[in-house]
Structure formats: structure tokens, C-alpha cells
Amino acid sequence: MERKVFLKSLGASAAFALTFPCLHGCSSDSEDLEQFPEPDGVDFTVDLDAAEAAPLANNGGFILVKSAQSLGYTDIVVARNLEGNLIAASQICSHQQTEEVRFISEDGGIFRCSTHGSRFSQNGTPLNSITSNPLRVFNTELTGTTLRVFE
Ligand code: FES
């Protein structure tokens with residue numbers, strides 16, 4: 001059976017799927033993604049007693065911090081890892097700068113971007129082949145119930 005006949009026999013939707021298998025899984029310069037600036041000048045505190053910080057009470061919990069700073073914007077995911085340590089990373093993915101990075105409890109606790117599935121270790125090292133660019137991670141310092149996140 002010729003390819004053209006084979007595709008026709010599968011129907012239009014199957015032919016589309018065979019022809020364009022990477023619509024959401026592969027990177028492309030032509031993708032129409034909203035891109036966000038990398039966080040810059042990061043230095044802020046989180047009151048762990050505040051209601052907004054409640055997810056950080058549990059290992060594996062995280063919050064998103066998004067606020068304008070004098071030196072730029074912060075789009076940060078702050079998490080309590082599975083060992084109970086507070087960690088922070090850019091919410092802006094190093095692959096194509098979408099703001100979809102979150103902390104997940106898989107593989108001992110990693111950062112993951114839902115746009116194309118990039119996975120990063122807690123120190124920002126890429127864990128799959130989606131991107132070779134490391135994710136930006138930030139320092140954390142806990143004083144009482146105040147968490148400082150900074151570069
Ligand atoms: S933007 Fe592609 S994996 Fe995050």
C-alpha cells in the first residue's frame with residue numbers, strides 16, 4: 001500500500017497525528033508560547049505563619065511568589081522538599097521561558113515544567129533531554145518563621 005493510500009485509509013485525524021507527532025512534546029521556534037522574563041534581583045521574604053504560606057507546612061508543598069521587585073520581577077516557586085528543607089527556583093522554565101515550573105514529589109522531589117515536560121533536580125540540573133539549560137535556583141535562609149529567598 002502506498003503511503004498516500006495508507007494515510008487516507010486511516011482518516012484525516014490519524015494522518016495528522018502521524019504527520020505532526022511533536023505538537024506539544026517537541027521544542028520549536030515557531031511555537032506561540034507566552035514567554036516571561038527570568039527573575040532578576042531576587043531578594044524577598046516569606047512569612048511562614050501567613051495563610052498564603054500554609055502549603056509549606058508539609059513536605060512536598062509549594063507556593064508561587066509573583067510580585068514586582070524594585071530590580072525586576074519575581075516568579076519563584078518556593079517548596080518544602082521531601083526532607084523538610086525549604087528550597088526555591090525560578091518558575092520560568094529554562095527551555096522556552098513559560099512560567100510553568102512547579103515542585104513535584106516524584107523521583108525524590110524535583111522541579112517540573114508542564115509545558116513540554118522538562119524535569120530538573122533541586123539544584124537546577126536538567127534531568128531529561130527537553131533542555132540542557134539549567135533551571136535557576138535561589139538561596140534560602142530561615143530565621144524563626146521568616147524565610148528569605150535571595151540570589
Ligand atoms: S517551556 Fe518547554 S519544558 Fe518548559
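Residues numbered from 1 in each chain as written. Predicted model: local features only at pLDDT ≥ 70, side-chain atom pairs only at ≥ 80, totals over all residues. Heavy atoms only, no water.

Under the annotation held in an unreviewed UniProt entry, the protein chain carries the name (2Fe-2S)-binding protein and is attributed to Flagellimonas aquimarina.

**Student:** Looking at this model, I keep getting lost on the side chain of serine 94. Mind explaining?
**Tutor:** For serine 94, the location among the structural elements is in the loop between strand S4 (86-90) and strand S5 (101-104). A distance of 2.7 Å separates a polar atom in the side chain of serine 94 from the backbone oxygen of asparagine 133. Non-local contacts of serine 94, meaning those with residues more than four positions away in its chain, are made with Phe120, Thr131, Asn133, Pro134 and Leu135. (Helix = DSSP H or I, 4+ residues; strand = E, 2+ residues; numbered from the N terminus. Polar contact = N/O pair within 3.5 Å; in protein donor to acceptor, adjacent residues only side chain to side chain. Contact = heavy atoms within 4.5 Å.)

**Student:** Which parts of the structure should I look at to understand the packing of aromatic side chains?
**Tutor:** Each aromatic ring pair is described using two quantities: the centre-to-centre distance and the angle formed by the ring planes. In this structure the tally under the stated criterion is 1 aromatic pair. The interplanar angle of 75 degrees and the centroid separation of 5.6 Å between the aromatic rings of phenylalanine 103 and phenylalanine 111 together place this pair among those described as edge-to-face. In this structure, phenylalanine 103 and phenylalanine 111 share a single accessibility class: buried. Directly above the aromatic system of phenylalanine 150 lies the positively charged group of arginine 148, at a separation of 4.0 Å from the ring centroid. (Phe/Tyr/Trp six-rings, centres within 6.5 Å; stacked < 30°, edge-to-face > 60°. Buried < 20%, exposed > 50% of the residue type's maximum accessible area, 1.4 Å probe, protein only. Lys NZ or Arg CZ within 6 Å of the ring centre and 35° of its normal.)

**Student:** Looking at this model, I keep getting lost on the side chain of serine 121. Mind explaining?
**Tutor:** In this structure, serine 121 sits in the loop between strand S7 (119-120) and strand S8 (137-143). Using a relative accessible area of 17% as the deciding quantity, one classes serine 121 as buried. A distance of 2.4 Å separates polar atoms of two side chains, one belonging to serine 121 and the other to asparagine 123. When residues no more than four places from it in sequence are discounted, the contact partners of serine 121 are Phe111 and Leu127.

**Student:** Where do I start with the nonpolar core in this structure?
**Tutor:** Ranked by internal contacts, the top residues of the largest apolar core, which has 15 residues, are Phe44, Val46, Leu56, Ile76, Val78 and Val149. Taken together, the elements giving at least two residues each to this core come down to strand S1 (43-47), strand S2 (62-69), strand S3 (72-80), S4 and strand S9 (146-150). Counting residues in hydrophobic clusters, the runner-up holds 11 residues, among them Ala79, Val101, Phe111 and Phe120. (Core = buried A, V, L, I, M, F, W, Y, C linked by side-chain atoms within 4.5 Å.)

**Student:** I keep staring at unusual backbone geometry and nothing clicks. Help me out?
**Tutor:** Trans peptide bonds make up the majority, and among non-glycine residues the majority have a negative phi. Despite not being glycine, glutamine 97 shows a phi value in the positive range, around 60 degrees. With respect to the secondary-structure elements, glutamine 97 resides in the loop between S4 and S5. Relative accessible area serves as the criterion here: at 23%, glutamine 97 is assigned to the partly exposed category. In this structure, aspartate 107 takes a positive phi of about 50 degrees despite not being glycine. Using a relative accessible area of 62% as the deciding quantity, one classes aspartate 107 as exposed.

**Student:** Hey, could you run me through the pattern of salt bridges in this one?
**Tutor:** Side chains that differ in charge, positive against negative, can pair when their charged atoms come close. With the rule as written, the count across this model stands at 8 salt bridges. Residues aspartate 107 and arginine 119 are paired through a salt bridge, measuring 2.8 Å at the closest nitrogen-oxygen approach. Residue aspartate 107 is found in the loop between S5 and strand S6 (110-113), and its partner arginine 119 is found in strand S7; the two are separated by 12 residues along the sequence. Each of Asp43, Glu141 and Arg148 takes part in salt bridges that share partners, so that together they form one network. (Salt bridge = Lys/Arg side-chain N within 4 Å of Asp/Glu carboxyl O.)

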